[in-house]
Amino acid sequence: MSDLHVHSPRSTQLLRLATAGSVDDGKSTLVGRLLYDTKSVLADQIDAVTRASVDKGLSTPDLSLLVDGLRAEREQGITIDVAYRYFATPRRSFVLADTPGHVQYTRNTVSGASTAQMVILLVDARKGVISQTRKHAAVLALLGVPKLVLAVNKIDLVEDPATVFATISAEFNSLTSSLGWASEDVVEIPVSALHGDNVAVRSENTPYYDGPTLIEHLESVPVDAEPHRVGLRFPVQYVIRPRTAEFPDYRGYAGQVAAGEVTPGDEVVILPSGVRTTVTRIDTADGELDSAHAGRSVTLVLADDVDVSRGDVIASPSDAPEPLGEFDATVCWLAEKPLRPGARLLLKHGTRTTQAIVGTLVERFNEQELTSEPSPESLELNEIGKISVRVAEPIVADDYTVNRHTGSFLLIDPAGGNTLAAGLVGDAIAAVELGERV
Amino acid sequence: MTIDISTSLAEAAARPQLDGTQFDTLDALESEAIHIFREVAGEFERPVILFSGGKDSTVLLHLAIKAFWPAPLPFALLHVDTGHNLQEVLDFRDHVVAKYNLRLHVAKVEDYLADGRLTERPDGIRNPLQTVPLLDAISENRFDAVFGGARRDEERARAKERIFSLRNAFGQWDPKKQRPELWNLYNGKHSPGEQVRVFPLSNFTELDIWRYIARDNVELASIYYAHQREVYQRDGMWMTPGVWGGPSEGEDLQTLSVRYRTVGDGSTTGAVLSEAGDNEAILAEVAASRLTERGATRGDDRVSEAAMEDRKREGYF
């Protein structure tokens, strides 16, 4: 494992991952194993886990103790909330959103998966693809997670592992292809998190499997930062106006490129006003850029002295989105208090927060059956549905199935400020039901 | 690259054209942090940056300045001074404030000890005493967003922390009532009296911090680099004598080549033996270390299994 040394000072790529899976399928152990095998756990942390394991009467260190961080979690032996883990190989650094499979699974899966470029879904080899697996896969499809890996865990505990693995893989493939994933975006790997089989080291116990280890797969799977399906989308975050002796007239528009790419000289349109101008410079504190793509925080300097402020979007004129005052959206309801028609809420989309009124509840999605029932009276905690929304100020959005960044929004309680829902502009449910991922 | 905000516009125009297509881990982490700073500037009334002079808060400040370049930093700094800080760190703090022409608020634990609002602990450790002056400074100045340099890789309880972390009027963190954090849409809504702690370095690891310091040539307090110092050994850590006491009987003072991995209270933070005098040598040393920075040199985290979680619940970072 010496080639897996975490501490390479070389330039690496950052990959955002999440885990999903049901309780007791060994998720904490797998995450602990990933950290341990990539040497992301240091001696004092191992010592602490070893001491705690001995206290519990165990003969080998319980790797799940590496990750269950809260007092209540250690007391109850369960994972309560999303936690973030860090590990690295010489090629990639990983941010892993470790989501509990316990109660409130949808809420946590949605949180973890919203930023994930890839999700590691776990199943217990003895149980195979269960209803929880189907629900998780449906939610991940809805959220547009680009890549999936199914870790078939505890493979050492089944009688005929070759057949079991083949059966689970076939069933999972048929599930994910019906949800719209291309076969090259989904990989199944037989593992034993407890013994480390096929996590970092190829196992001799799985002669029927000739694919990559989990870590080999994680560090080699091709992942685009954001596929180029739309032109430039640049939500303006903040107007930089130094008004200093050195920079008396400087006026730049700070933000993060949400989609597409920008180059000096590009003609752009400011939305919602529709005014057109040209980008003259892309500034950063380190110097000018000759281009900036999705994910980069920059400051744009424009040719004309136009009216632009926080909440506006600078876009490419060729495929500029129509500002939306009223639209349909798919929401995952995250709050205890149910959503009912007519609710007055706040909506945060990109850098704009505006008042919103929920119109009708169009349908409720059944993640288990991949069907919908029309006109529910309410959406309860963890339920997913399609609703119509009206906003006080138009939002400049793309359909979520086209772009995750410009198609996502939050619904916020105007009273307490809590986040109530994850919102996806457009009818993501229909796309999932029809298996039409784009 | 060191930022010099006195650069003129003409010079700015002549600055290098960078290749915008390269985007590695450090670029992604930097971009995320800058995005977070700008969100807070766009949505809050009175944000403040907690600045201790340590490496994480120095990187935090460096990124904040970058986020608003070429405009001046739109936030003030807040330092909670335990009275047990190493002089080099205080000197560095004041040097940075002067260099960038920043506004600095200092909340002093010693003021609270002097008038009886706080009592010295029997073990003499002052880190836990910072919470009250911190919360008072936040409420007196009506700060509504408080940036901290905490990283989620530091400690198990911090791994559960959100980037925007809502605290109640008492500054308390309730890990079971955290808001879900979705996409890069940060929800900063809060009621009057509540505050939001913001952690732009959440996704940096210790090694990322050092690689970033090396890449951007970030100026740090001198104690991070190997130097000759009079130290004595206690609980496996090399401690500096000071107003906080020590050495006790049987703890011999020696002059050794050491450096600090973290900056904290002088009574609980130890140095490590090191010859690493520059960023490259430190990177190599951090890479080879088999101990976390906290396990190696932070006495206060050894108090109990849940020491950090308990302090966070009280209102500490």
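Residues numbered from 1 in each chain as written. Chains lettered and ligands numbered in written order. Predicted model: local features only at pLDDT ≥ 70, side-chain atom pairs only at ≥ 80, totals over all residues. Heavy atoms only, no water.

### Examining the environment of Val258(B)
Residues and elements named next belong to chain B.
And then number 1: Following the sequence through the fold, Val258 ends up in strand S10 (residues 254–260).
And then number 2: The class of Val258 is buried, set by a relative accessible area of 0%.
And then number 3: On a C-alpha basis, the gap between Val258 and Glu219 in space is 19 Å, while along the polypeptide they are 39 residues apart.
And then number 4: If we skip the residues at most four places from it in the chain, Val258 touches Tyr225, Ala226, His227, Arg229, Val231, Ala271, Val272, Leu273 and Ser274. (Helix = DSSP H or I, 4+ residues; strand = E, 2+ residues; numbered from the N terminus. Buried < 20%, exposed > 50% of the residue type's maximum accessible area, 1.4 Å probe, protein only. Contact = heavy atoms within 4.5 Å.)

### Overview of the sheet that holds strand S7 (residues 195–198) of chain B
The pairing of strands in a sheet comes from backbone hydrogen bonds and takes either a parallel or an antiparallel form.
Residues and elements named next belong to chain B.
And then number 1: Ordered by their spatial adjacency, six strands build an open sheet running S4-S3-S2-S5-S7-S6, and the pairing between neighbours is mixed. Each having just a single partner strand, strand S4 (104–108) and strand S6 (164–167) make up the two edges of the open sheet. Taken pair by pair, the neighbouring strands of this sheet meet at an average axis angle of 30°, ignoring direction.
And then number 2: When strand S2 (residues 47–50) meets strand S3 (residues 76–81), the two strands line up parallel, connected through three bridges. Considered in S3, the bridge of Val48 is made with Ala76.
And then number 3: Lying on the sheet, helix H3 (residues 55–68) is in contact with S2, S3 and strand S5 (145–147); it crosses S2 at an angle near 140°.
And then number 4: Helix H4 (residues 87–99) contacts S3 and S4 of the sheet and is inclined by roughly 170° relative to S3. (Pairing = 2+ DSSP bridges. Axes fitted to C-alpha atoms, helices over the stretch in contact; angles between N-to-C directions.)

### Some details on unusual backbone geometry
And then number 1: Here the residue pair Leu271(A) and Pro272(A) is connected by a cis peptide bond, since its omega of 10° sits within 30 degrees of zero.
And then number 2: Here Pro272(A) lies in the loop between strand S10 (267–271) and strand S11 (275–284).
And then number 3: The phi torsion at Asn382(A) lies on the positive side, around 75°, for a residue other than glycine.
And then number 4: Tracing the chain through its elements places Asn382(A) in the loop between strand S19 (371–374) and strand S20 (384–395).
And then number 5: Classification of Asn382(A) by relative accessible area gives buried; the value is 12%.
And then number 6: Notably, Arg142(B) is not glycine yet its phi reads approximately 55°, a positive angle.
And then number 7: By the element assignment, Arg142(B) lies in the loop between helix H6 (131–140) and S5.
And then number 8: When its relative accessible area of 59% is taken as the criterion, Arg142(B) is described as exposed.

### Overview of the environment of Arg107(A)
And then number 1: In this fold, Arg107(A) is placed in helix H4 (residues 105–114).
And then number 2: Distance in space between the C-alpha atoms of Arg107(A) and Leu381(A) is 8.2 Å, their sequence separation being 274 residues.
And then number 3: Non-local contacts of Arg107(A), meaning those with residues more than four positions away in its chain, are made with Leu334(A), Asn382(A), Gln178(B) and Pro180(B).
And then number 4: Among the polar contacts made by the side chain of Arg107(A), one reaches the main-chain carbonyl oxygen of Leu334(A) at a distance of 2.9 Å. (Polar contact = N/O pair within 3.5 Å; in protein donor to acceptor, adjacent residues only side chain to side chain.)

### Topic: the pattern of salt bridges
If charged atoms from side chains of opposite charge come close, those side chains can pair.
And then number 1: Counting across every chain of the model gives 43 salt bridges over all chains.
And then number 2: Glu32(B) is paired through a salt bridge with Arg16(A); the nearest N and O atoms lie 3.1 Å apart. Of this pair, Glu32(B) sits in helix H2 (residues 25–43) while Arg16(A) sits in strand S1 (residues 13–20), on two different chains.
And then number 3: Looking at Glu32(B), the relative accessible area reads 10%, which means it is buried. (Salt bridge = Lys/Arg side-chain N within 4 Å of Asp/Glu carboxyl O.)

### Points about the UniProt feature "domain: Phosphoadenosine phosphosulphate reductase" (unreviewed entry) in chain B
And then number 1: The feature "domain: Phosphoadenosine phosphosulphate reductase" (unreviewed entry), as annotated in UniProt, sits at residues 47–270 of chain B in this numbering.
And then number 2: Within the segment residues 47–270 of chain B, helix and strand shares are 24% and 20% respectively, and the terminal C-alpha atoms sit 32 Å apart. (UniProt positions renumbered as here; feature names shortened; annotations may be inferred.)

### Let's talk about the sheet that holds strand S4 (residues 118–124) of chain A
And then number 1: Overall, mixed pairing links the six strands, which are arranged S2-S3-S1-S4-S5-S6 (chain A) in an open sheet. A strand with exactly one partner marks an edge of an open sheet, and here the two such strands are strand S2 (83–88) and strand S6 (186–190) of chain A. This sheet shows a mean twist of 25° between the axes of neighbouring strands, independent of strand direction.
And then number 2: Both S2(A) and strand S3 (residues 92–98) of chain A contribute to a ladder of six bridges, which runs antiparallel. Pairing of Ala83(A) across the sheet is with Asp98(A), part of S3(A).
And then number 3: The strands touched by H2(B) within the sheet are S1 and S3 of chain A, with S1(A) carrying the most contacts at an inclination of about 70°.

### Side note on the nonpolar core
And then number 1: In terms of nonpolar packing, the biggest core is built from 154 residues, with Ile120(A), Phe37(B) and Ile49(B) touching the most fellow members.
And then number 2: If you tally residues by element for this core, the top one is H2(B), at nine residues.
And then number 3: Among residues more than four places away in sequence, those in contact with Ile49(B) are Phe37(B), Leu60(B), Leu61(B), Ala64(B), Leu73(B), Phe75(B), Ala76(B), Leu77(B), Leu78(B) and Phe147(B).
And then number 4: With 22 residues, the next largest nonpolar core counts Ala329(A), Ala356(A), Val358(A) and Ala397(A) among its residues. (Core = buried A, V, L, I, M, F, W, Y, C linked by side-chain atoms within 4.5 Å.)

### Concerning the packing of aromatic side chains
And then number 1: Applying the stated rule across the entire model yields 17 aromatic pairs over all chains.
And then number 2: An angle of 70° between the planes, with centres 6.0 Å apart, marks the rings of Phe247(A) and Trp69(B) as edge-to-face. On the criterion of chain membership, the pair formed by Phe247(A) in the loop between strand S7 (233–240) and strand S8 (252–256) and Trp69(B) in the loop between H3 and S3 is interchain, its members lying in two chains.
And then number 3: Among the residues examined, Phe247(A) registers a relative accessible area of 1% and is labelled buried.
And then number 4: On the numbers, 5.0 Å between centres and 50° between planes, the contact of Phe75(B) with Phe147(B) is tilted. Remark: Phe147(B) occurs in strand S5 and Phe75(B) occurs in the loop between H3 and S3; sequence separation between them is 72 residues.
And then number 5: Phe147(B) gets classed as buried once you look at its relative accessible area, which sits at 0%.
And then number 6: An aromatic cluster is present here, built from Tyr238(A), Phe37(B), Phe68(B), Phe75(B) and Phe147(B) joined pairwise through their rings. (Phe/Tyr/Trp six-rings, centres within 6.5 Å; stacked < 30°, edge-to-face > 60°.)

### Let's talk about the environment of His136(A)
And then number 1: Tracing the chain through its elements places His136(A) in helix H5 (residues 131–142).
And then number 2: Separated by 52 residues in sequence, His136(A) and Tyr84(A) place their C-alpha atoms 19 Å apart.

### Let's talk about the packing of H3(B) against helix H7 (residues 206–216) of chain B
Angle between the axes and distance between the axes are the two parameters that describe a pair of packed helices.
Residue and element names in this part refer to chain B.
And then number 1: Orientation of H3 relative to H7, taken along the N-to-C sense of each, is 55°, at an axis distance of 11 Å. One way to sum up the angle between H3 and H7 is to call them oblique. You can see that H3 and H7 cross each other, and the crossing is left-handed. Taken together, the residues of H7 that come into contact with H3 (itself represented by Lys55, Asp56, Val59, His62, Leu63 and Lys66) are Glu206, Ile209, Trp210, Tyr212, Ile213, Arg215 and Asp216.
And then number 2: Grouping the amino acids of the contact of H3 with H7 by side-chain chemistry returns six nonpolar, one polar and six charged. (Parallel < 35°, antiparallel > 145°, perpendicular 65-115°, else oblique. Left-handed = near helix turned anticlockwise from the far one by under 90°. Nonpolar A, V, L, I, M, F, W, Y, C, P; charged D, E, K, R; others polar.)

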